[in-house]
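Remarks on the overall topology
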Amino acid sequence: MATFDVRFFLPAGAEIKVRKGAGWPLGWDSQKQRLDGQTARILHVSGIVPSRVQMKTQRDAEVTYTYIAVGP
């Protein structure tokens, strides 16, 4: 089982979320947040369900994030 955190900071206005499940019809979104460019936002991903982190920006932009592995 993988466990990790992803800390996002920029670009301001971007939407971040964790998408869980296998494919579009069986998947669901969790931990939806919007970046403000001033405060880091953290998404925590764990469990046995396939998961991925997604980001939607308002325009082409440079993305700043930190990936942090948690656990053994």
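The preceding data block contains the structure.
Residues numbered from 1 in each chain as written. Predicted model: local features only at pLDDT ≥ 70, side-chain atom pairs only at ≥ 80, totals over all residues. Heavy atoms only, no water.

Re the sheet that holds strand β1 (residues 4–10)
Pairing is antiparallel across the open sheet formed by three strands, whose spatial order is β4-β1-β6. Pairing within the sheet leaves two strands with one partner each, and these edge strands are β4 (41–45) and β6 (64–69). Shown here is a sheet whose adjacent strand axes are inclined to one another by a mean of 20°, direction ignored. Direction of pairing for β1 relative to β6: antiparallel, over a ladder of six bridges. Following the sheet pairing, valine 6 is matched in β6 by tyrosine 67. (Pairing = 2+ DSSP bridges. Helix = DSSP H or I, 4+ residues; strand = E, 2+ residues; numbered from the N terminus. Axes fitted to C-alpha atoms, helices over the stretch in contact; angles between N-to-C directions.)

What about the sheet that holds strand β3 (residues 28–34)?
If you walk across this open sheet you meet the three strands as β3-β2-β5, and the pairing is antiparallel. Only two strands of the sheet have a single neighbouring strand rather than two, namely β3 and β5 (51–56). Direction aside, the axes of adjacent strands within the sheet are offset by 20° on average. Looking at chain direction, strand β2 (residues 15–20) and β5 are connected through six bridges and run antiparallel. Residue pairing for β5: glutamate 15 is matched across the bridge by lysine 56.

Remarks on unusual backbone geometry
Residues leucine 10 and proline 11 are joined by a peptide bond in cis, for which omega reads 5°. Phi angles above zero are rare outside glycine, and glutamine 31 is one such case at about 55°. Looking at the secondary structure, you find glutamine 31 in strand β3.

Points about the pairing of β1
Alignment of β1 against β4, held across five bridges, turns out to be antiparallel. Within β4, the residue paired with phenylalanine 8 across the bridge is arginine 41.

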